[in-house]
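Inside the fold
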Amino acid sequence: MRCFRSSTRMLLAICTLASSCLAALQPTDIHIKVMERTGDKLFSASPQYPNTFGKVPEITSTTPLSVSFSVKSTTANEAVAVDQAFVNFRHKETGDETAFVAKRAGVGAYRMDLARKHFRTHFAPSPGLYDISLVLGSFADGGVHYALGTVQMSNGKPQQQQQQQRMSDTVVFGARPEIHHRFAEPQRMPSAAVSLVFAVLCVVPLVVLFGVWARLGVNVGGLGAEPVASAAFLGLVGAYMALAVAYWVGVKLFSALTYALVLALPTYAVGQVALSRRAASKPC
Amino acid sequence: MARESAAAAAETTPAAAFNTSASVPGIVSSLAREYTANTPQRLKVIDTYMVFCVAVGIVQFVYCGLVGTFPYNAFLAGFGSAVACFVFAANLRMKTNPKNRAQFP
């Protein structure tokens, strides 16, 4: 439920009460105009108190509204200055009210021009039908609440979008909708056949490599010249391969790096011995 | 006279002995013959290993392009390993090439 607090309502209540007791003020020379920015008049009305103007003019940010009036004391039958003069706008659907001060434009004459920035601030977010009224108050002569008529505030957006915007602006106090956890959807993986095919394609070059090496005459006969060092060197190289597998399976990175550092020195030393003795044993 | 002797000398140079044609198959076949005849066995072993690295890298890249990058780390590890092995093999080939003995004694 929207909660809106307006000092205008209190003032309105005071003026209504006062008018019922005193009622010595009367608005006269009332002119309501809606004009283009060029100055062309789109709507003009001059209702006589207490009548309202019949038509519902449309007001946008480019067609400013102007309300001018004079205030007369019924007892003295002359123009009087009032202590408070407001032009009040009340939204027909939501009940929100916005009041603008009517500035003094002479003795007993007042004028309110709805500026573009005020339209954008107060009416563009909440377009629709507004009841426009004069709220006048005087400590000496009482107060008057005069309903002038109805105007249509439009911000140029379609009706459906305005309704959606209005609904989204509504504040609802209560329990929020329950959040249900959703697990992430698993990644789309290719079929097992495709993966197997490419695994085989990765192994085939290795088989071809060994075949070509065998044809070129690559063999392990030279390891017999230094069997111990060669076996130790190949064993330590195999240990590096096993360390890579262990890292893949579960060993943490820094643990694997530590083990690699521990294996590095003996691998280097044994490899140096094996390769240098192998090179020394080869004929020049 | 000098021109005729120069022309005769040009005909007896070693390049003329292969009698290569200008077509692409002819160039490829002469290249293969040259490579087989003049490349040491050690370099052929390394070259074969380098071709293996390239082939494995290409297969992994094609798989990644067809199926997707998930898991991306696996692709990076495999492709990076293939590239690294190729680079190391290329360096080893440069060092073991007899023609570079002056630079790598």
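Up top is the structure these notes are about.
Please read these numbers as outputs of a predicted model, since none were measured by experiment. Starting from 1, residues in each chain are numbered consecutively following that chain's sequence as written. Each chain is given a letter, starting from A, and each ligand a number, starting from 1, according to the order in which they appear as written. Only residues with pLDDT of at least 70 get local features here, since the model is predicted, and only at 80 or more are side-chain atom pairs given and counted; chain-wide, interface and lining totals rely on the full set of residues. Each side-chain value is derived from all of the structure's non-hydrogen atoms; neither hydrogens nor water enter the calculation.

Side note on the overall build of chain A
Secondary structure summary: chain A contains six helices and 11 strands in total. Exposure classes here rest on a 1.4 Å probe applied to the protein chains alone. A residue is buried below 20% of its type maximum, exposed above 50%, and partly exposed in between. For chain A, the residues scored as buried account for 31% of the 284 residues in total. Accessible area for chain A stands at about 18700 Å²; split by element, carbon and sulfur atoms hold 62% of it. Put simply, DSSP marks the helices as runs of H or I at least four residues long and the strands as runs of E at least two long, and each gets a number from the N terminus on. Note that accessible areas follow from Shrake-Rupley with a 1.4 Å probe, and for residues the cover is restricted to the protein chains shown.

Let's talk about a positive patch on the surface
Patch building starts from residues that exceed 30% relative accessible area and form no salt bridge, then joins like charges within 9 Å and nonpolar side chains (Val, Leu, Ile, Met, Phe, Trp, Tyr) within 5 Å. By convention in these notes, a salt bridge is any Lys or Arg side-chain nitrogen within 4 Å of a carboxyl oxygen on Asp or Glu. In this tally, Lys and Arg are treated as positive and Asp and Glu as negative; His is ignored, and so are the chain termini. Charge positions come from single atoms, namely NZ of Lys, CZ of Arg, CG of Asp or CD of Glu. On the surface, Arg278(A), Lys282(A), Arg42(B) and Arg101(B) cluster together into a positively charged patch. Within the secondary structure, Arg101(B) sits in the segment after α5 (72–96). Classification of Arg101(B) as exposed rests on a relative accessible area of 58%.

Details of the side chain of Ser133(A)
Residues and elements named next belong to chain A. Structurally, Ser133 is set in strand β10 (residues 128–138). Engagement of the side chain of Ser133 in a polar contact is seen with the side chain of His145, the distance being 3.2 Å. By definition in these notes, contact holds between two residues if any of their heavy atoms fall within 4.5 Å. Those residues in contact with Ser133 that sit more than four places away from it in its chain are Phe86, Val87, Asn88, His145, Tyr146, Ala147 and Leu148. Polar contact criterion, stated in full: a pair of N or O atoms within 3.5 Å, where within protein one must be able to donate a hydrogen and the other to accept it, and residues adjacent in sequence count only if both atoms are side-chain atoms.

Side note on the pairing of strand β2 (residues 41–45) of chain A
Residue and element names in this part refer to chain A. At least two DSSP bridges between two strands are required for those strands to pair. By the bridge criterion, four bridges tie strand β1 (residues 25–35) to β2 in an arrangement that is antiparallel. Within β2, the residue paired with Lys33 across the bridge is Ser44. Between β1 and β2, which pair antiparallel one after the other, the connecting turn spans five residues, and Gly39 there sits at a positive phi close to 105°.

A closer look at a nonpolar patch on the surface
Residue and element names in this part refer to chain B. A cluster of nonpolar side chains, contributed by Val54, Ile58, Val62, Leu66, Val83, Phe86 and Val87, occupies part of the molecular surface with about 570 Å² of accessible area. Looking at the nonpolar patch, the elements with two or more residues in it are α4 (41–67) and α5. The leading source of residues in the nonpolar patch is α4, at four residues. Topologically, Val54 is positioned in helix α4. The exposure class assigned to Val54 is partly exposed, which follows from its relative accessible area of 38%.

Notes on the environment of Thr63(A)
All names here are of chain A. Checked against the element boundaries, Thr63 lands in the loop between β3 (58–59) and β4 (65–73). Here the alpha-carbon distance between Thr63 and Glu36, two residues 27 residues apart in the chain, equals 4.9 Å. Apart from residues lying up to four places away in sequence, Thr63 is in contact with Val34, Met35, Glu36, Leu42 and Glu58. For Thr63, the side chain forms a polar contact with the main-chain nitrogen of Thr60, separated by 2.8 Å.

Quick look at the packing of helix α4 (residues 192–216) of chain A against α4(B)
Packed helices, taken two at a time, are described by the angle their axes make and the gap between the axes. Closest axis-to-axis distance for the α4(A)/α4(B) pair is 10 Å, and the angle between their directions is 175°. Here α4(B) runs roughly antiparallel to α4(A), going by the angle between their axes. When its residues are assigned to classes, the contact of α4(A) with α4(B) shows 20 nonpolar, four polar and one charged. Lines fitted to the C-alpha atoms define the axes, with helices restricted to the stretch that makes contact. Angles between their N-to-C directions range from 0 to 180 degrees. Angle categories are assigned with fixed cut-offs, so that under 35 degrees is roughly parallel, over 145 is roughly antiparallel, 65 to 115 is roughly perpendicular, and the rest are oblique. When residue character is reported, Ala, Val, Leu, Ile, Met, Phe, Trp, Tyr, Cys and Pro are called nonpolar, Asp, Glu, Lys and Arg charged, and the others, Gly included, polar.

Points about the nonpolar core
Residue and element names in this part refer to chain A. To define a nonpolar core, start from buried Ala, Val, Leu, Ile, Met, Phe, Trp, Tyr and Cys residues and group those joined through side-chain atoms within 4.5 Å. Counting 34 residues, the largest nonpolar core has Val67, Phe69 and Phe89 as its most contacted members. For this core, the secondary-structure elements that each account for two or more residues are β1, β2, β4, β6 (84–91), β9 (109–113), α2 (116–123), β10 and β11 (142–153). In terms of residue count, the dominant contributor to this core is β11 (five residues). Not counting chain neighbours up to four residues away, the residues in contact with Val67 comprise His31, Ile32, Val87, Tyr110, Arg111, Met112, Ile132, Leu134 and Leu148.

Some remarks on the sheet that holds strand β7 (residues 97–101) of chain A
All names here are of chain A. Across the sheet, which stays open at both edges, the five strands sit in the order β3-β11-β10-β6-β7 with mixed pairing between neighbours. A single partner strand is all that each edge strand has here, and the edge strands are β3 and β7. Pairing of β10 with β11 involves 11 bridges; the strand directions are antiparallel. Paired with Gly128 across the bridge in β11 is Met153. Taken strand by strand, α2 contacts β3, β6, β7, β10 and β11, and its axis lies near 160° from that of β7.

Read these as spatial facts, not as claims about activity.
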